[in-house]
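This is what each chain is made of:
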Amino acid sequence: MTLIIAEAGVNHNGDERLAIKLIEAAHKAGADIVKFQTFKAKNLVTEEAKQADYQVVNTKRQESQLAMLSRLELSYEAHHKLVEHCGLLGIEFLSTAFDLESLDFLVNDLGLKRLKLPSGELTNAPLVLEHARTGCDLIVSTGMATLSEIETALGVMAFGFIASESAQPSLEAFQEAYASVEGQKALQNKVTILHCTTEYPAPMAEINLKAMDTLARAFELPAGYSDHSEGITIPIAAVARGAILIEKHFTLDKHLEGPDHKASLEPQELEAMVKAIRQVETALGTGVKTPTVSEVRNKAVVRKSLVAATPIKNGDVLDESNLTIKRPGNGLSPYQYWKLLGCKASQDYGVGELIVE
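So, here's what we can say about the structure. In every chain, residue numbers begin from 1 and rise along the written sequence. For a predicted model such as this one, the threshold for reporting local features is a pLDDT of at least 70, and the threshold for listing and counting side-chain atom pairs is 80 or more; totals across whole chains, interfaces and linings nevertheless cover every residue. Hydrogen atoms and water are omitted, and side-chain values are computed over all heavy atoms in the structure.

So, about the packing of aromatic side chains. Centres within 6.5 Å are what make two rings of Phe, Tyr or Trp a pair, Trp counting through its six-membered ring; a difference in plane orientation under 30 degrees is then read as stacked, over 60 as edge-to-face, and the rest as tilted. Applying the stated criterion across every chain, the model contains 5 aromatic pairs. Between Phe 39 and Phe 98, the ring centres sit 6.2 Å apart and the planes meet at 90°, which makes this aromatic pair edge-to-face. Placement of the pair is Phe 39 in the loop between strand S2 (33-38) and helix H2 (41-44) and Phe 98 in the loop between strand S3 (92-97) and helix H6 (100-109), with a sequence separation of 59 residues. Look at Phe 159 and Phe 174: their rings are 5.3 Å apart centre to centre, the planes differ by 75°, and that puts the pair in the edge-to-face class. Of this pair, Phe 159 sits in helix H8 (residues 147-162) while Phe 174 sits in helix H9 (residues 171-179), placing them 15 residues apart in sequence. An identical accessibility class is assigned to Phe 159 and Phe 174; each is buried. Elements are defined by DSSP. Helices are runs of H or I of four residues or more, strands are runs of E of two residues or more, and each kind is numbered from the N terminus. Here's how the labels work: a residue is buried when its accessible area is under 20% of the maximum for its type, exposed when over 50%, partly exposed in between, all with a 1.4 Å probe on protein chains only.

Below, the structure written as structure tokens:
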């Protein structure tokens with residue numbers, strides 16, 4: 001079954017009460033996981049770091065990233081309350097750590113066993129390494145990345161999974177770990193890789209959903225899709241293409257102030273996406289081409305049999321003039337048509353009667 005992550009991100013706007021409501025909306029929609037973002041703004045950006053263009057447009061204000069992100073932090077105390085609320089509802093709590101302090105908090109204070117590495121941190125080798133050293137399962141998003149960058153990051157992860165704490169990190173050590181049987185086995189057991197287009201909202205012409213297939217083939221890892229497009233069409237299509245995980249931003253109201261609300265689903269849309277994904281999963285089936293239970297019942301109704309086109313007497317020669325093919329399909333197969341031509345009837349037949357020779 002496809003794992004569905006409802007990405008609350010920073011759509012709580014720094015408000016713990018709003019974060020609780022997001023958890024409840026994700027649970028009601030049927031998501032498996034609700035995901036937040038954990039960071040200390042001062043550890044994440046410099047005072048000079050500028051907003052992305054979409055952040056300026058969506059927040060309707062131009063300011064530093066530090067100022068914007070400082071308003072979007074959740075306290076550690078709030079995190080504990082969110083984890084507790086997720087436990088009460090039976091939905092998994094997940095969060096993305098954007099700095100080492102936050103990573104330590106998620107693993108050693110909150111006890112998370114699964115982590116999400118965001119696209120923007122894929123080249124942050126020290127943070128990638130510490131993610132792997134936790135031993136947690138990793139969901140790795142690959143927006144903005146080349147195949148070479150992804151392979152390099154996977155090498156860091158392989159090293160983190162299998163090397164001793166005393167082993168010295170280096171590009172050569174990462175490459176050696178990635179090339180090893182042990183390293184590859186660790187990656188296959190621990191890593192899910194996600195295709196992603198890092199733009200909010202992502203233009204349809206830049207989605208390139210087939211790249212998800214490329215990732216799965218190139219790295220022989222389970223692959224999924226982190227979606228930033230508008231609507232629910234693309235994540236549903238991703239599941240039909242074999243995505244084992246879908247991540248999608250959601251909000252309580254697209255008109256709230258903040259950088260990500262406009263590119264997020266509202267609760268009823270999230271619920272529709274989850275429902276559609278579950279329908280697609282059911283429809284995908286086993287891949288074995290054989291008549292279904294319903295089709296077996298319908299065979300006699302929609303297929304055809306050999307029947308008498310005209311009255312036929314016992315001993316009459318069967319030919320094109322007195323044989324025809326009509327429904328129902330519970331008589332002789334039309335494949336027997338040529339075999340019967342020229343044979344004598346063994347009994348009388350009325351018009352439309354099934355041939356039983």
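Another point: the packing of helix H12 (residues 233-240) against helix H13 (residues 267-284). Interhelical geometry of H12 versus H13 gives an angle of 20° and a closest axis separation of 9 Å. In terms of axis orientation, H12 runs roughly parallel to H13. Classified by chirality, the crossing of H13 by H12 is right-handed. Residues Pro 235, Ile 236, Val 239 and Ala 240 of H12 form the contact with H13, whose own contacting residues are Met 273, Ala 276, Ile 277, Val 280, Glu 281 and Leu 284. For this classification, the nonpolar set comprises Ala, Val, Leu, Ile, Met, Phe, Trp, Tyr, Cys and Pro, the charged set comprises Asp, Glu, Lys and Arg, and every other residue, Gly included, is treated as polar. Counted by class, the contact of H12 with H13 contains 9 nonpolar, no polar and 1 charged residues. Note on geometry: axes are lines fitted to C-alpha atoms, helical ones only across the stretch in contact, with angles between N-to-C directions running from 0 to 180 degrees. Note on terminology: angles under 35 degrees are roughly parallel, angles over 145 are roughly antiparallel, angles of 65 to 115 are roughly perpendicular, and the others are oblique. Left-handed describes a crossing whose near helix is turned anticlockwise from the far helix through less than a right angle; right-handed describes the clockwise counterpart. Contacts are assigned to residue pairs with any non-hydrogen atoms lying within 4.5 Å of each other.

On to the environment of Arg 114, then. Relative to the elements of secondary structure, Arg 114 occurs in strand S4 (residues 114-117). Each C-alpha atom, one on Arg 114 and one on Thr 251, is 23 Å from the other, the two residues being 137 residues apart in sequence. In contact with Arg 114, other than residues within four places in its own chain, are Leu 3, Ile 33, Glu 92, Leu 94, Cys 136, Asp 137 and Ile 139. Any pair of N or O atoms that falls within 3.5 Å is considered a polar contact. Within protein, one atom must be able to donate a hydrogen and the other to accept it, and sequence-neighbouring residues count only if both atoms are side-chain atoms. Among the polar contacts made by the side chain of Arg 114, one reaches the side chain of Glu 92 at a distance of 2.9 Å.

Our next topic: the pairing of S2. On any regular strand, side chains alternate: one points to one face of the sheet, the next to the other face. Judged by how many residues are buried, S2 sits mostly within the fold: 6 of 6 residues are covered. Burial of the side chains of S2 extends over both faces: Ile 33, Lys 35 and Gln 37 are buried on one face and Val 34, Phe 36 and Thr 38 on the other. A strand pair is defined by DSSP finding two or more bridges across the two strands. With 4 bridges connecting them, strand S1 (residues 3-9) and S2 associate as parallel partners. When the bridges of S2 are listed, Ile 5 appears paired with Ile 33. By definition, the crossover connecting two strands over a helix is right-handed if that path, from the first strand to the second, turns clockwise as seen with the strands pointing away from the viewer. Between the parallel elements S1 and S2, the chain passes through helix H1 (residues 16-29) in a crossover that is right-handed. With 6 bridges connecting them, S2 and S3 associate as parallel partners. What sits directly across from Gln 37, in S3, is Thr 96.

Any two side chains of opposite charge can pair if their charged atoms end up close together. Whenever a carboxyl oxygen of Asp or Glu lies within 4 Å of a side-chain nitrogen of Lys or Arg, that contact is scored as a salt bridge. Counted according to the given criterion, the structure contains 13 salt bridges. Across the pair Arg 278 and Asp 32 runs a salt bridge, and its minimum N-O distance is 3.0 Å. In this pair, Arg 278 sits in helix H13 while Asp 32 sits in the loop between H1 and S2, placing the two residues 246 residues apart along the sequence. Ionic contacts of the salt-bridge type, sharing partners, join the residues Glu 16, Glu 77 and Lys 81 into one network.

Okay, the environment of Ala 31 next. Note that Ala 31 resides in the loop between H1 and S2. Among residues more than four places away in sequence, those in contact with Ala 31 are Ile 4, Ala 6, Ala 26, Ile 91 and Val 274.

This part covers the side chain of Glu 266. By the element assignment, Glu 266 lies in the loop between strand S8 (245-249) and H13. We score Asp and Glu as negative and Lys and Arg as positive, and we do not count His or the chain ends. The side chain of Glu 266 is buried and forms no salt bridge, while Lys 254, the nearest opposite charge, is found at 5.8 Å. The contact partners of Glu 266, leaving out residues within four places of it in the chain, are Thr 251, Leu 252, Asp 253 and Lys 254.

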